[in-house]
Amino acid sequence: MVDIISIFIGSVLILMRDFIAAMVANASPVFLNRGTPIDRGRVFVDGRRLLGDGKTFEGYFLGLFFGYTVAVAESLLLNDSHYIIYGMMGALGALVGDSVSSFFKRRLGLKRGAPLPIVDQLDFYIGAAAFMWLVGWRPPRISYFLGAALIIIIVHRLTNYLAYRLHLKDVPW
Ligand code: CTP
Ligand code: MG
């Protein structure tokens, strides 16, 4: 029991300390409803869109802008310059991870916005961790890293259900 509580606390702490810029970068583009698609309408060898209309230049710009802002603010607040580089790489990695999953969703024949559970929720997290890893970031404990992934999935489900109940979304997932 004590173990579970300490893993939970450690997981929440790495989300708030190490992934805040990535989470902000991931959430920022959602408010856009149109923009210039990064694939510019191009299709892959399978005849399907490379990424689709849901990945735009404007989305990258917004995500990087807010992600970098958070990274700078955090490093000033914690008085630790590591968080600038971690936050900037985390924000970029989050957006790239999200685009990589769109690439694979299109290959599976899924239309823009079609749900792919787990992948949809964790793509940004894996992308952010991979990019931060390149600049020396390491999770304090592997159990915190896995615990944080579980928390992301649960929080996603809860917020989507809430948005559905508030009539902001048409489906509860
Ligand atoms: N968005 C964007 N640019 C990005 C990422 C997201 O403009 N690089 C915007 C798009 O309007 C997108 C919305 O944020 O529709 C939600 O993002 P996401 O859920 O990642 O895209 P989906 O529409 O679900 O598309 P996909 O099926 O490719 O995941
Ligand atoms: Mg989606």
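Preceding this section is the structure that the text describes.
Since the model is a prediction, treat every value here as computed from it, not as a measurement.

Caption draft 1: Fine view of the site of ligand 1. Near ligand 1, the surroundings consist of 15 residues, among which Lys55, Thr56, Ser102, Arg106 and Gly113 are the closest. Within the contact set of ligand 1, an oxygen atom lies 3.0 Å away from a side-chain nitrogen or oxygen of Asp98. Considered on its own, ligand 1 offers 570 Å² of accessible surface; in the complex 83% of this is hidden by protein. In a pocket analysis with a 2 Å cut-off to the grid points, ligand 1 is assigned to the largest pocket. Of all the elements in the fold, those that place two or more residues in the shell around ligand 1 are helix 3 (57-77) and helix 4 (82-107). The biggest single contributor to the shell around ligand 1 is helix 4, with four residues. Here the residues of the shell around ligand 1 are counted per class, giving four nonpolar, five polar and six charged.

Caption draft 2: Just the side chain of Arg107, in detail. Mapped onto the elements of the fold, Arg107 is located in helix 4. Within the local environment of Arg107, its side chain forms a polar contact with the backbone oxygen of Leu50, the two atoms lying 3.2 Å apart. Residues in contact with Arg107, not counting those within four places in the same chain, are Phe44, Asp46, Arg48, Arg49 and Leu50.

Caption draft 3: Layout of the pattern of salt bridges. If you walk through the whole model with that rule in mind, you get six salt bridges. Residues Arg107 and Asp46 are paired through a salt bridge, measuring 2.6 Å at the closest nitrogen-oxygen approach. Placement of the pair is Arg107 in helix 4 and Asp46 in the loop between helix 2 (20-27) and helix 3, with a sequence separation of 61 residues. Salt-bridge contacts for Asp98 lead to Lys55; the nearest nitrogen and oxygen are separated by 2.8 Å. Of the two residues, Asp98 sits in helix 4 while Lys55 sits in the loop between helix 2 and helix 3, which places them 43 residues apart along the sequence. One network of salt bridges, in which partners are shared, links Asp39, Arg49 and Asp53.

Caption draft 4: Just helix 2, in detail. Every buried residue of helix 2 is accounted for by Ala21, Ala22 and Ala25. Angular distribution of buried residues about the axis of helix 2 spans 100 degrees; they occupy a single face of the element. On its buried side, helix 2 packs onto helix 3, helix 4 and helix 5 (119-134).

Each value, and the rule that gives it
- Residues numbered from 1 in each chain as written.
- Chains lettered and ligands numbered in written order.
- Predicted model: local features only at pLDDT ≥ 70, side-chain atom pairs only at ≥ 80, totals over all residues.
- Heavy atoms only, no water.
- Near = heavy atom within 4 Å.
- Polar contact = N/O pair within 3.5 Å; in protein donor to acceptor, adjacent residues only side chain to side chain.
- Areas by Shrake-Rupley, 256 points an atom, 1.4 Å probe, with all protein chains shown as cover.
- 1 Å grid on protein atoms, 1.4 Å probe; cavity = no way out; pocket = protein on both sides within 12 Å on 5 of 7 lines; lining within 4 Å.
- Sits in = over half its atoms within 2 Å of the grid points.
- Helix = DSSP H or I, 4+ residues; strand = E, 2+ residues; numbered from the N terminus.
- Nonpolar A, V, L, I, M, F, W, Y, C, P; charged D, E, K, R; others polar.
- Contact = heavy atoms within 4.5 Å.
- Salt bridge = Lys/Arg side-chain N within 4 Å of Asp/Glu carboxyl O.
- Buried < 20%, exposed > 50% of the residue type's maximum accessible area, 1.4 Å probe, protein only.
- Arc of directions from axis to C-beta.

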